[in-house]
Amino acid sequence: MAAGMSGAAPPKIRIRGLRKSFGEKRVLDGVDLDVATGTSMVVIGGSGSGKSVLIKCILGLIEADDGQIEIDGRDVLRMDRRERDTVNAGIGMLFQNSALFDSLPVWENVAFGLMAQRGATRAQARQRAAEVLAQVGLAASVGELSPSELSGGMQKRVGLARAIAAQPGIMFFDEPTTGLDPIMGAVIDGLIVDCVKRLGSTAIAITHDMASARRIGDAAAMLYGGRIVWTGPAGALMDSGNKLVDQFTHGRREGPIQMELRK
Amino acid sequence: MNTLLDGTAALGRGAIGVCRVVGGLALFALTGLSHLLRPPFYGRMFLRAFVEFAYFSLPVVALTAIFSGMVIALQSFTGFARFNAESAIAGVVVLSVVRELGPVLAGLMVAGRVGAAMAAELGTMRVTDQIDALTTLSTNPMKYLVAPRLLAGTIALPFLVLIADILGVLGGFFVSTVKLGFAPGSYLVNTVNFMTATDVLSGLAKAAVFGFIVALMGCYHGYNSRGGAEGVGAATTSAVVAASILILAFDYVLTELFFAR
Ligand SMILES: Nc1ncnc2c1ncn2[C@@H]1O[C@H](COP(=O)(O)OP(=O)(O)O)[C@@H](O)[C@H]1O
Ligand SMILES: [Mg+2]
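Here the structure is a predicted model, which means the values were calculated and not measured.

To continue, consider the pairing of strand E7 (residues 170–174) of chain A. Residues and elements named next belong to chain A. Within E7, five of the five residues are buried, which leaves it mostly tucked inside the rest of the structure. Burial of E7 is two-sided: the residues Ile-170, Phe-172 and Asp-174 facing one way and the residues Met-171 and Phe-173 facing the other way are all buried. As paired strands, strand E6 (residues 91–94) and E7 are joined by four bridges and run parallel to one another. Bridge pairing in E7 places Met-93 opposite Phe-172. Pairing between E7 and strand E8 (residues 202–206): five bridges, direction parallel. Looking at E8, one finds that Phe-173 is bridged to Ala-205.

See below:
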């Protein structure tokens, strides 16, 4: 939908020439990517191809070596600390392994950002946490549990609740369904789509689950060799005509992608 | 010639490596401390760290102090009896406990207990992305995790050492009166006469420095750990070893500062 008018409106997120190396190892080698406002972009790519590094660069958790990352037309890599914090406050992130704070009960996890950003009182935050937990299908009583008492699927739901609690305009999801059974995966995907649509947010979701990619994504991009090698509508993933994408989406052993087996 | 160059190069690399570690550590400590001066201050995190330091370490530190006081009384008796200087025992016990053994042993015990636990907790938070998650939730991890722990360590250890001092002296008193047959009254009078405010205060100042070192090493190694469970284990070991060595090194420096005039 919004993807159609991307010619006119500037993209919400615009990445150009993004580079990041760890020592000798070049992980991102000139990534270019546009995400139009209100679109959900799915990024696919093999394990270790740098998908998480890409998202962490956008969030400033990893310092990029070179390139530009514009959010709403402003380059976040050249902002001062305070501006950057303001931009980051509008971004919600669901981490690959949920990354819940295991020393805090579930409700404090969910309300953490609210208490930090808006100075909400604990009573208000607790109230709001119960509402957000309901949005991801969890009872308010779950809020009293510790994260270690939850199953993987429930942890993902709590992680999602924490990411959306402050109603961010941009959301990142790092492999939201990895490690879940197919049914739970579909449930989480459904919740993600609900949340993104309800808030009208712009999203980037990383996945290597094709069913998940088509459920979550409007648009899709493939990261390979440190660059984005293909972008297109998420519906075209299975018959993109791109050899790299085809091999990946169909899980073929033979093809242009050579799995790195040595360390 | 070549071997000489190689040797110089290796020396240079080593020196640069040391400078990098020391510089990184100093920067980490200063950043952590500077966050104490700017709001918000996380009182809950401070209280948690303080209780961890002071309350849960109390049994270990207390036992260590009592036994050390007892041993010193016994050792100095076997040493001094030959010179008929039994009255000096009360002085030896109180000075060694208050100036040296109280702070150093409490510091080492806390390094093994709290320093290790801090490194493990922060290390786990690092490798499971919880520290990154804090940043995405508008919370500076240095301010939230590190600053309160540094403050807690610095304040809590003097309290522990005060208790250790008392128990250490009591340990010595117990052995001297029960086993060696000294008169309780004169032992206590000797203890008070030998002890000065400087002794106690210098011991407490040492304790504050050691507490800071333990918290700093626990936080630094945990915060910068990487490489999964193995990395967390390595961080824990490094935190304990580094804190122990630094405590003994700083003990010398501080003693020099306080007493070598
Ligand atoms: N902090 C780091 N230090 C060194 N290497 C890293 C770091 N983070 C990621 N890498 C390396 O970057 C590569 C890409 O990692 P990542 O983005 O996590 O892959 P994925 O696409 O599976 O999410 C991996 O080879 C990883 O070893
Ligand atoms: Mg990843």
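This paragraph deals with the coordination of the magnesium ion (ligand 2). Residue and element names in this part refer to chain A. For the magnesium ion (ligand 2), the full set of protein donor atoms is Ser-52 (OG) and Gln-96 (OE1), and the range of their distances to it is 2.0 to 2.6 Å. Linking Ser-52 in helix H1 (residues 51–59) with Gln-96 in the loop between E6 and helix H3 (106–118), this pair joins segments that are 44 residues apart in sequence. Judged by relative accessible area, Gln-96 falls into the partly exposed class, the value being 33%.

Residue and element names in this part refer to chain A. Judged by pairing direction, the sheet is mixed, and its six strands sit side by side in the order E6-E7-E8-E3-E9-E10 without closing on themselves. Either end of the sheet is taken by a strand with one partner, and the two such strands are E6 and strand E10 (227–233). Taken over all neighbouring pairs, the strand axes of this sheet differ in orientation by 15° on average, direction set aside. In this structure, strand E9 (residues 219–224) lies alongside E10, joined through six bridges in antiparallel fashion. By the bridge assignment, Met-222 is partnered in E10 with Trp-230. Of the strands in this sheet, strand E3 (40–44), E6, E7, E8 and E9 touch H1, which is tilted by about 150° from E8.

Definitions and cut-offs
Residues numbered from 1 in each chain as written. Chains lettered and ligands numbered in written order. Predicted model: local features only at pLDDT ≥ 70, side-chain atom pairs only at ≥ 80, totals over all residues. Heavy atoms only, no water. Buried < 20%, exposed > 50% of the residue type's maximum accessible area, 1.4 Å probe, protein only. Helix = DSSP H or I, 4+ residues; strand = E, 2+ residues; numbered from the N terminus. Pairing = 2+ DSSP bridges. Donors = N, O, S within 2.8 Å, 3.2 Å for Na, K, Ca; no water. Axes fitted to C-alpha atoms, helices over the stretch in contact; angles between N-to-C directions. Contact = heavy atoms within 4.5 Å.

Keep in mind these values describe shape, not function.
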